[in-house]
Structures are given as structure tokens and as C-alpha cells.
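Structural characterization, general
As a plain string of letters, each chain reads:
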Amino acid sequence: MTKSKAAHKRILLKLSGEALMGDDQFGINRATIVRMVEEVAEVVHMGVEVAIVIGGGNIFRGVAGGSVGMDRATADYMGMLATVMNALALADAMNKQGLVARVMSAIAIEQVVEPYVRPKALQYLEEGKVVIFAAGTGNPFFTTDTAAALRGAEIGAELVLKATKVDGVYTADPKKDPTATRYTKISFDDAMSQNLGIMDATAFALCRDQKLPIKVFSIFKHGALKRVVMGEDEGTLVYA
């Protein structure tokens, strides 16, 4: 695939921790992470600059019962550390696939991963490396969706890709309503008025204010990431 075929030069991919579980109850499913890396490698080889924000639900889910009654900030910091673990696993799988990945953390754990420094992140992207942003925003009370919107705006991404289990935004829950149809595109204002819950309110407002479009698609659909990057009709585009 020639580099000129890509419709987007730089993207921010938001992966949930749950996406790494595959069919497991929690943790990281090796086959699932390898398949995801293959999808990412395909677009990197097209010349697209890829940054990733990863969640931590797959690991935190395993300890969530013990966090009941815990101070919210403490629980959030535990979640941030879970995202670092996921980022390390993802980077390792990428390096084994022949990609060069760098993990940058919003909280300082310099013996394990390097701290997030915006100019360094931009340099890595321009060098063709995949940059994985870990530890969310580094602050409690903010989700990794918000981290994706924030980092996407900071690095000048053309598009935030929200990878989910469904292949876009629907008029209703497609599992419950067989007449539900997928939106090809929808404006931020319409998505808010219909309370579609695409991202949390803070992340959504940030993307809208920065005129940073969001593409919702299924990471489990083979070749979907490549089709999104090429500008094909895949998923749902949320635009300003």
C-alpha cells in the first residue's frame, strides 16, 4: 500500500483496557493483542503517524471488588498504573512485530517508562515510531477518554479513533433493536442532544471545542482501522 493512499497523516487511537481481554474475564489475551498490533502495523507501514492511549479496565477489573469504599483518587491512581502495564505489553508486542514503540507516562516511573514530554512525543511520531500514552492525564477524576482527547489535541492529531466492540454509533442498541441503523456521520451537537454517550462529557467537550473529529469503529472487525485511515465508510464520524 502506498503512503499517498492514507487520508490521515497523524491519528490518536483510543483503546480500552477491555479490548485487550479478548474473551477472557480480565487480564491480557496474547492472541488479541497480537492481532491488534498487526492492524496497527498495517497503517504505520502506510506512513501514518500513530499515537495510542490505553485504558486499564482489564487489569483494574480484577481488583475492583477490593476498591469498593476506597478513596476515589487512590482507586484512580491504581487504574493509571494498570494502564502502564497494558502500555508495556502493547509496546512489547509491537517491538516483536517489527515496529518501534515508545511508552510515555503521565506519572513519573522513570525506571520503567519515560515521562510524557510533548516535544519528545512529536519527535517520535515524526520518526515513524508508535507512541503509547500511559497513566491517563496523570490526574484522578479524569478518564482515559479525556486523556485521548487531550493528547490528541496536544500532538495535532487529525482524528481521534475510539475503538469499541461495535462498528459505529447506532440510532439504538443494535443488540436490542433490529431496526437500529448506523450513523455514517453525526455532528457533536446532535450526538450531545441525543445523549449518545460516545465519550465522557469532558472528553467530548474538549474534542468539540478543538474541532477534533472522533471516529467510532470496531477494533474487532478485521481491516477496519486501515479502512478508517484510508477515509472509507467505516464506523461513525463525529464532526464539529
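Residues numbered from 1 in each chain as written. Predicted model: local features only at pLDDT ≥ 70, side-chain atom pairs only at ≥ 80, totals over all residues. Heavy atoms only, no water.

**A word on the sheet that holds strand β8 (residues 214–218)**
Note the threshold: Two strands qualify as a pair provided DSSP detects at least 2 bridges between them. Secondary structure is summarised from DSSP: a helix means a run of H or I of at least four residues, a strand means a run of E of at least two, and numbering begins at the N terminus for each. The contact rule is simple, with two residues in contact once any of their heavy atoms fall within 4.5 Å. Each axis is a line fitted through C-alpha atoms, taken for helices only over the stretch in contact, and angles between the N-to-C directions span 0 to 180 degrees.
Taking strand neighbours across the sheet as the criterion, the 9 strands line up as β4-β3-β5-β2-β1-β6-β8-β9-β7 in an open arrangement whose pairing is mixed. Only two strands of the sheet have a single partner each, and these edge strands are β4 (114–115) and β7 (185–187). Bridging between strand β1 (residues 10–15) and strand β2 (residues 49–54) involves 6 bridges; their strand directions are parallel. Within β2, the residue paired with L13 across the bridge is I52. Lying on the sheet, helix α3 (residues 72–96) is in contact with β1, β2, β3 (101–105) and β5 (130–134); it crosses β5 at an angle near 165°.

**A word on helix α4 (residues 118–126)**
Rules: Throughout this description, buried means an accessible area under 20% of the type-specific maximum (1.4 Å probe, protein chains only), exposed means over 50%, and partly exposed covers the range between. Within this analysis, the arc is defined by the directions that extend from the helix axis to the C-beta atoms.
Among the residues of α4, those classed as buried are A121, L122, Y124 and L125. Down the axis of α4, the smallest arc covering the buried residues is 160°, so these residues share one side. Seen from the open side of α4, the exposed residues pointing more than 90 degrees away from its buried face are P119 and E126. Among the structural elements, β1, β2, β3, β4 and β5 are those in contact with the buried residues of α4. Backbone geometry just downstream of α4 places G128 in the positive-phi region, at approximately 85°.

**Some thoughts on the nonpolar core**
Note the cut-off: We define a nonpolar core as any set of buried Ala, Val, Leu, Ile, Met, Phe, Trp, Tyr and Cys residues linked to one another through side-chain atoms lying within 4.5 Å.
Of all hydrophobic cores here, the largest spans 44 residues; its most connected members are M94 and I132. When contributions to this core are tallied by element, the ones reaching two or more residues are β1, α1 (30–44), β2, α3, β3, β5, β6 (159–164) and α8 (224–229). Top contributing element to this core by residue count: α3, with 8 residues. Counting 31 residues, the second largest nonpolar core, distinct from the first, contains L125, A147, A149 and V216.

**Some details on the packing of aromatic side chains**
Let me state the cut-off plainly: Each Phe, Tyr or Trp ring, with Trp reduced to its six-membered ring, pairs with another whose centre is within 6.5 Å; inter-plane angles below 30 degrees give stacked pairs, above 60 give edge-to-face pairs, and intermediate values give tilted ones.
Applying the stated rule across the entire model yields 2 aromatic pairs. Between Y116 and F133, the aromatic rings sit 5.4 Å apart at their centres with planes inclined by 85°, giving edge-to-face as the arrangement. Taken together, the positions of Y116 in the loop between β4 and α4 and F133 in strand β5 put the pair 17 residues apart, joining distant regions of the chain. F133 matches Y116 in its accessibility class, with the two residues each being buried. Summarising the aromatic geometry, the rings of F188 and F204 are spaced 5.0 Å apart at their centres and angled 65° between planes, so their arrangement reads as edge-to-face. Of this pair, F188 sits in helix α6 (residues 188–193) while F204 sits in helix α7 (residues 201–209); the two residues are 16 residues apart in sequence, bridging distant segments of the chain. Both residues of the pair, F188 and F204, count as buried.

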